[in-house]
Amino acid sequence: MAKIAYFIGNWKMNHGISEARSYFERFLPEISKVDLSRKVVGIAPPFTSLAFARKLTEGSPVKLCAQNACFAEKGAYTGEVSPLMLKELGVEYVILGHSERRHIFGETNELIKKRVKGVYQAGLTPILCVGETLEERRLGNTFLVVSEQLKQGLSELEKVEEGRLIIAYEPVWAIGTGVNATPEQAEEVHSFLRDLLASMYGKELAQAIPILYGGSVTPENIADLIKEPNVDGVLVGGASLDPEKFLKIVSVAI
Ligand code: 13P
């Protein structure tokens, strides 16, 4: 079966509305020239740019993504954003458990699994991020860490339907460092995650759950990474902030 590849740009805390406007002015005319018959392209702007990004991208192939979401639909959760509010804006995918949420803001597997459930129940597709630190890798604990994050992150989901879940492997040591995992390192963890998903949901469904790689993806390394059989796409930080660089990444042959 021909592979569908995902290219999600995570802007993190960058590009407010005026920068978002100039970004999309450059990005949208070009993306319409790329053959997207087997590709999904998404951008996760900061919350304050989401509504504006929706207006600009309406009618384009670009899917709108959010960088986090609350587990609850509404209520007394100061500083949080409801998945239903995101849905109302036209968001389709929500990044959850990103390493910056885990390591800078102290989000735990306990909290992340609730967010995954809330987002899933709202009808949005969670992109659950997992990944080990350099220390954990050096200690030989990579598989232990990512399997715990995966199993716990998904533990509140009663069922998973095809097309309703994405996993992203983002080794912490590769994020924003310029040191990407080698294609072999990425494939090793992705195939481990695939087997784990197969043990949870069966082989067929596991095969249909996209597993994306994230961490210093660039126009230079995308071709080698995307060739790996279990790398179904990429989650791009720094390089997605530049429309030309992100276009080059999206344009890779698959
Ligand atoms: P970089 O591409 O800047 O390393 O960031 C990766 C990432 O965290 C995407 O979510």
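Residues numbered from 1 in each chain as written. Predicted model: local features only at pLDDT ≥ 70, side-chain atom pairs only at ≥ 80, totals over all residues. Heavy atoms only, no water.

**Student:** Which residues make up the sheet that holds strand 7 (residues 211-214), and what values go with them?
**Tutor:** Overall, parallel pairing links the eight strands, which are arranged 1-2-3-4-5-6-7-8 in a closed barrel. Geometrically, the sheet is characterised by an average inter-axis angle of 25° between neighbouring strands, direction not taken into account. Of the strand pairs in this sheet, strand 1 (residues 5-10) and strand 2 (residues 39-44) are connected by six bridges, and their pairing is parallel. What sits directly across from G9, in strand 2, is I43. Sitting on the sheet, helix 7 (residues 142-153) touches strand 5 (125-130) and strand 6 (166-169), and the angle it makes with strand 5 is about 155°. (Pairing = 2+ DSSP bridges. Helix = DSSP H or I, 4+ residues; strand = E, 2+ residues; numbered from the N terminus. Axes fitted to C-alpha atoms, helices over the stretch in contact; angles between N-to-C directions. Contact = heavy atoms within 4.5 Å.)

**Student:** Give me the lowdown on helix 2 (residues 47-57), citing residues and values where you can.
**Tutor:** Burial in helix 2 covers these residues: S49, L50, F52, A53, R54 and T57. Its buried side turned inward, helix 2 meets helix 1 (17-31), strand 3 (63-66), helix 3 (83-89) and strand 4 (91-96). Note on helix 2: the residue one or two positions beyond its end, G59, has a positive phi of about 80°. (Buried < 20%, exposed > 50% of the residue type's maximum accessible area, 1.4 Å probe, protein only.)

**Student:** An account of the site of the ligand is needed here, citing residue identities and associated values.
**Tutor:** Near the ligand lie 13 residues; those nearest to it are K12, H98, G176, S216 and G238. At 2.8 Å, a backbone N or O of G238 approaches an oxygen atom of the ligand. Across the complex, the protein chains shield 95% of the 310 Å² of accessible surface that the ligand would expose by itself. (Near = heavy atom within 4 Å. Polar contact = N/O pair within 3.5 Å; in protein donor to acceptor, adjacent residues only side chain to side chain. Areas by Shrake-Rupley, 256 points an atom, 1.4 Å probe, with all protein chains shown as cover.)

Honestly, it's all geometry; don't read function into it.
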